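# Results of the structural survey
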Amino acid sequence: MLATATGSSSSTAPSTKAPDADSEFKGNQDTYSLPWVEQYRPIVLKDIVGNEDTVSRLSIIARDGNMPNIIISGPPGIGKTTSILCLARELLGAQYKEAVLELNASDDRGIDVVRNRIKMFAQKKVTLPEGRHKIIILDEADSMTPGAQQALRRTMEIYSSTTRFALACNMSSKIIEPIQSRCAILRYSRLSDSQVLKRLTEICQFENVEYVPEGLEAIIFSAEGDMRQAINNLQATHSGFGFVSYDNVFRVCDQPSPEVLGAVIDACMKGDVDAAVSRLEKFWVEGYSGIDIVGTLFRVVKFHAMPEYMKLEFIREIGTTHMRMIEGVQSVIQVSALAARLCSLSMK
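This one's a predicted model, so the numbers in the text were calculated from it and none came from an experiment.

### Topic: the environment of alanine 94
Tracing the backbone through its elements, the reader meets alanine 94 in the loop between helix H3 (80-92) and helix H4 (96-99). Given a relative accessible area of 79%, alanine 94 falls into the exposed group. Taking the C-alpha atoms as reference, alanine 94 lies 9.7 Å from leucine 128; in sequence the two are 34 residues apart.

### Thoughts on the packing of aromatic side chains
Scanning the model with the defined rule gives four aromatic pairs in all. Between the aromatic rings of tyrosine 40 and phenylalanine 206, the centroid separation amounts to 5.9 Å while the plane-to-plane angle is 5°, which identifies the pairing as stacked. You can see tyrosine 40 sitting in the loop between helix H1 (36-39) and helix H2 (52-64) and its partner phenylalanine 206 sitting in helix H8 (residues 193-207), a full 166 residues away along the chain. Members of the aromatic cluster, each reached through a chain of ring pairs, are Phe221, Tyr246 and Phe250. Note that arginine 299 overlies the ring of phenylalanine 221, its terminal NZ or CZ placed 4.7 Å from the centroid.

### Some words on the side chain of serine 346
Relative to the assigned elements, serine 346 resides in helix H16 (residues 332-347). A polar contact is formed between the side chain of serine 346 and the backbone oxygen of cysteine 268, at a distance of 2.4 Å.

### A short note on the side chain of threonine 321
Relative to the helices and strands, threonine 321 is located in helix H15 (residues 308-326). Threonine 321 gets classed as buried once you look at its relative accessible area, which sits at 0%. When sequence neighbours within four positions are dropped, the list of residues in contact with threonine 321 reads Val294, Gln334, Leu338 and Arg341.

### Remarks on helix H6 (residues 146-158)
Over its 13 residues, H6 extends 19 Å from the first C-alpha to the last, a length consistent with the 18 Å expected when each residue adds 1.5 Å. Residues of H6 that are buried: Ala148, Gln149, Ala151, Leu152, Thr155 and Met156. End-on view of H6: buried residues confined to an arc of 160°, all on one side of the axis. In H6, the exposed positions that point more than 90 degrees away from the buried face belong to Pro146 and Arg154. If you follow the buried residues of H6, they end up packed against helix H5 (111-123), strand E3 (134-138), strand E4 (163-169) and helix H7 (177-181).

Rules behind the numbers
- Residues numbered from 1 in each chain as written.
- Predicted model: local features only at pLDDT ≥ 70, side-chain atom pairs only at ≥ 80, totals over all residues.
- Heavy atoms only, no water.
- Helix = DSSP H or I, 4+ residues; strand = E, 2+ residues; numbered from the N terminus.
- Buried < 20%, exposed > 50% of the residue type's maximum accessible area, 1.4 Å probe, protein only.
- Phe/Tyr/Trp six-rings, centres within 6.5 Å; stacked < 30°, edge-to-face > 60°.
- Lys NZ or Arg CZ within 6 Å of the ring centre and 35° of its normal.
- Polar contact = N/O pair within 3.5 Å; in protein donor to acceptor, adjacent residues only side chain to side chain.
- Contact = heavy atoms within 4.5 Å.
- Expected span 1.5 Å × (residues − 1).
- Arc of directions from axis to C-beta.

Pasting the structure below:
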C-alpha cells in the first residue's frame, strides 16, 4: 500500500542497514543532547538531501562569492533554512557568527524591528574577505507585516553594497512584489520517498536504532516529504518503544491506520456501506478529526490498486469533502456521507 523505495516486506526481525559507503554525512554528532533534527542538521551544502538543481546553484554562489538577495520558497521541513545557513557558513567561514543576523518567525518582526535591529546590523562594520557581504536571514518571511516588508525594501536598496538578504518562506506570493523583484527566487519541492529513506537509514546506523522496513515505510508515509517530521517521528518512536515498527510508528504519529482505511476503500468498492461507515465512525469515536481521516484516506486512494477511472472519481469526492471540512463543517455526518457517496460510485 505504501509507495516507498523499500517496497513491502513480511520480515519482523529487527535489522539495521548501513548508509552508503561513500556517504560523508555526519551531522553535528558532538552535541548528543540536541534533538536528532538539530543534531543531524547538515552543516555543508553537499550534505543537503533533495532539490539537487537548486542546491547546486547555491554551491556555485558559495564558490564564487557573489551572493545576490535570495528568496527560497517551499513546503516546511525540506531544507530551506538549512540551505541558507550552510551557504552562509561556506561564504563567511570564521566570520559567520559576527556577520550573520538570523530572525525567525518567533521574533517580533514588525516595522520597528526592520527600522532598528535590521538597520543597525546593516550599518555595522565587519571585516570580511573581498567580495563577501554580511547576511541577514529572515525565516518565515511571509509572516512579516506589509509595513515591515515595505520598510525592508528600502533597507535592501540602501545597504546593498555591504549586506545581502536571504528570505525563507512557505509561499513566495505573500512577499510583496518590490522585494521579489530585488531577489533571486529559488523554489524547493517536497522530498521523494527514497531521499527521506536514505537519511533515515543513516541516522538509524549512527544511533543504533532497531527497525524493520515496514517501520521506515510508515514514517515516510506519515511525513509526506517533510524531512523534519520524519526525523522527529523516528526519534519519538525509538525513544518511546525502542523499536521502529509499523504499529509503533502510527501509535506515535497518532494518525489513522492506512491499513484500516485501505479496508474502508475495499468495502466502498464492493458497495458495502455498513462496513465502510462503521470503520470510519470508529476512527471518529477514537478522537481523530475529520481532516485527519479524509487526508489519510486521500493518500491511501492514491496508492490503491483500483481502476484509474474509479480512482479519479474517488479522489474528486474526497477532495469535495475535504473542502467542506476546511470551511468548518466537521462532523461524523460528513465522514459517513463520504463513505456513502464512494459506495454509490462503485455501484454505478
